[in-house]
Amino acid sequence: VQKDELLGPARLKLAEAYMKQGNGAGALAEYVRAADLLPNDVDTQVKAATLLGLARRFEDARARADKALAIDPKNVDALVVRANALASLTDLDGALKEMQEALSIDPRASIETNLGAIQAAKGDLKGAEASFRGAVETDPKSVAAQVALGQFLWSSGRAADAESAFKAALALDGEHLLAHRALAVFYLQSNRAPEAEPHLKKVAEIMKTPAATLGLVDYYLGTRRPDDAKAVLAEMSKDERYWALAQARLADVQFAEGKRDEALKTIGEVVAKAPTLGAARVVRGRLLLAGGKPEEALTDAQAAVAQDATAIDAQFLLGSVQEARRDLDAAAAAYNEVLKLNPRAAGAQVRLAMVEMQRNALPAATQLAEQVVQAQPGNVTAQLVLARALLGRGDLDRSSSVTQGLLKEFPNVAQVHNQAGLVALARKDRAGARTAFDRALTLNPGLMEPLMSLVSMDVQDGKGPAARERVQARLDKGTPTSSLLALAGTTWAATGDLAGAESFLKRAIETDSSNFEAYSALARVYVAQRKPDAAVAEFDRLIAKQPNAVGAQTMAALILQGQGKESEAQQRYERLVEANPRAAVAANNLAWMYASRGENLDKALARLETAVDKRLQSEQRGKSEPQLDLS
């Protein structure tokens, strides 16, 4: 290939070599290149189409299948690939037609199982079962046909019949990978984990791949057997090819056991010896993020994504880090990349819903959460996000209904009681809210949100000493987090102790330099202390870390304007409006500056129209930009 990039047969052989190595991405790229260079080779077109389908590039898969069928209209494999692509693109009628044609040409068991899957997707369960059973009759020795029948029966709620089908598959071939995998998954998802162990061991033994071995490690960790997990990893580490992967996983295990320093040391050695191993970067990034070091975690997350942009765990880590850094646009972009790679990644959907909620895109947050709840009714986090998004949209009845359902199903989950407190507050039931928040803290004393809510209620009710006492009690329990120190700072400020507030907020920033709320709160304290230069400096520090922070940029300009530094304030407003034309307060104030001097009146009018439009949208959403009282 290096000698001749257009040599199709060499591309094809390279693709086959990659397939034998288990390098799916490399194989896909080379099969596609080979298919382009060998346009009349039906088999190559079908292979490219098959891998494109596995990569969830269904439109491309269909196009490749069409090329194969243009050469050989009766090519069964091409018909099957095209049918599967159509089914994935929700053209079930077209898929059914293609699969029936393929079956009429070649009545293979595998085609019958594909036909059954499409019939099931269309809701024709009777026809689907007939097709799956027909596949078993066509080839009674086919393990794949028995497994497909078992999967259909399981999805139809007939667990006992499904287990029988899976066992029948294993009886046909006791060493068959598919049969062992099917039984392992069946037992795990049926809460019969001990019965899954022998099948997971067999999968690892047959495959002899890192992924299969790590699957066994995950099983041991999930069943609280860390020593067994470490024993498997120790054996895996003896092979130089897999040492880095095994040690990276060991660091995860050590961290889960509370051995944070040991875990960081282990993963540090892996990164030093294998700096291009994305999996190691992901593990270290997760550990750093869990340790409250999002800036350091960002470096590893970006390195992992740079090494492989299709690695789901790397993209998810990047989203988590950017979310922790409060760069919500970047977090949303990363989570969306995860969903492009795997549209059914519920974890990414939930996180994206939470990000959209923070961005005040409540309809999008609601839709995402509802999708997860529909697919996974037992997903507590998704239901909590849904309840919160509905509450933010003012749909109090639906939010309350979801929350009440959670209270019945998960009465001992602290976050559920916290949500119940928020609903009670929205209903102006302050006594009920206090009860719910207290219950949340009883179940999980480390939660911040119910504590913040109770402190806020104390301050609103004129109970300043009680608010401070509540925060101090938490401070006395151990090394405080940045969030707790920031809460102490805002509480002390609200109760008149600005010097104490300043001290707490500085400590919050020292503890976590990415705590943007602490920067903003400290700047407000400086304004209250009549230290405008110090306030602007804090906002500028925040802006340096979060360039898209419209509120911080606006407040800095407002302070300068209040100091009479009109020229500097105007320059800041202009930069802000140029970067974000819909920054309403900046647009309004800039328009006033232009108009008061009789300059740029057309611009002034445009700025005011933008400001009014933005303000109306904000009021409709129930949220506006942060304001600063300079009086």
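Thresholds applied
Residues numbered from 1 in each chain as written. Predicted model: local features only at pLDDT ≥ 70, side-chain atom pairs only at ≥ 80, totals over all residues. Heavy atoms only, no water. Helix = DSSP H or I, 4+ residues; strand = E, 2+ residues; numbered from the N terminus. Axes fitted to C-alpha atoms, helices over the stretch in contact; angles between N-to-C directions. Parallel < 35°, antiparallel > 145°, perpendicular 65-115°, else oblique. Contact = heavy atoms within 4.5 Å. Nonpolar A, V, L, I, M, F, W, Y, C, P; charged D, E, K, R; others polar. Expected span 1.5 Å × (residues − 1). Buried < 20%, exposed > 50% of the residue type's maximum accessible area, 1.4 Å probe, protein only. Phe/Tyr/Trp six-rings, centres within 6.5 Å; stacked < 30°, edge-to-face > 60°.

Novice: Even after reading the chapter, I still don't get the environment of Pro9, so can you show me in this structure?
Specialist: Within the fold, Pro9 resides in helix H1 (residues 8–21). Sequence spacing of Pro9 and Thr44 is 35 residues, and the spatial spacing of their C-alpha atoms is 9.9 Å.

Novice: Is there a simple way to think about the packing of helix H27 (residues 449–460) against helix H29 (residues 482–494) in this case?
Specialist: Look at H27 against H29: their axes get within 11 Å of each other, and the N-to-C directions meet at 5°. Overall, the two elements H27 and H29 adopt an arrangement that is roughly parallel. Along the contact surface, H27 presents Leu451, Met452, Val455 and Val459, while H29 presents Leu484, Leu487, Thr491 and Ala494. A class-by-class count of the residues in the contact of H27 with H29 yields seven nonpolar, one polar and no charged.

Novice: Explain helix H12 (residues 193–207) here, please?
Specialist: Structurally, the α-helix is built with 3.6 residues per turn, so residues lying three or four positions apart point the same way. Its 15 residues give H12 an end-to-end C-alpha distance of 21 Å, which sits within 8% of 21 Å, the value for a rise of 1.5 Å per residue. Every buried residue of H12 is accounted for by Ala196, Glu197, His199, Leu200, Lys202, Val203 and Ala204. Along its buried surface, H12 packs onto helix H10 (159–172), helix H11 (177–189) and helix H13 (210–222).

Novice: Which parts of the structure should I look at to understand the side chain of Gln570?
Specialist: Position of Gln570 among the secondary structure elements: in helix H34 (residues 566–579). Not counting chain neighbours up to four residues away, the residues in contact with Gln570 comprise Leu590, Met593, Tyr594 and Arg597.

Novice: How do you make sense of the packing of aromatic side chains when you look at a structure like this?
Specialist: Each aromatic ring pair is characterised by the separation of its centres together with the angle its planes make. Counted by the stated rule, this structure contains eight aromatic pairs. Aromatic side chains Trp492 and Phe504 sit 4.9 Å apart centroid to centroid with 65° between the ring planes, which places their arrangement in the edge-to-face category. Here Trp492, found in helix H29, pairs with Phe504, found in helix H30 (residues 498–511); they are twelve residues apart in sequence, far enough to count as distant. Across this residue pair, the class does not change: Trp492 and Phe504 are buried. Among the aromatic residues, ring-to-ring pairing joins Trp154, Phe166, Phe186 and Tyr187 into one connected group.

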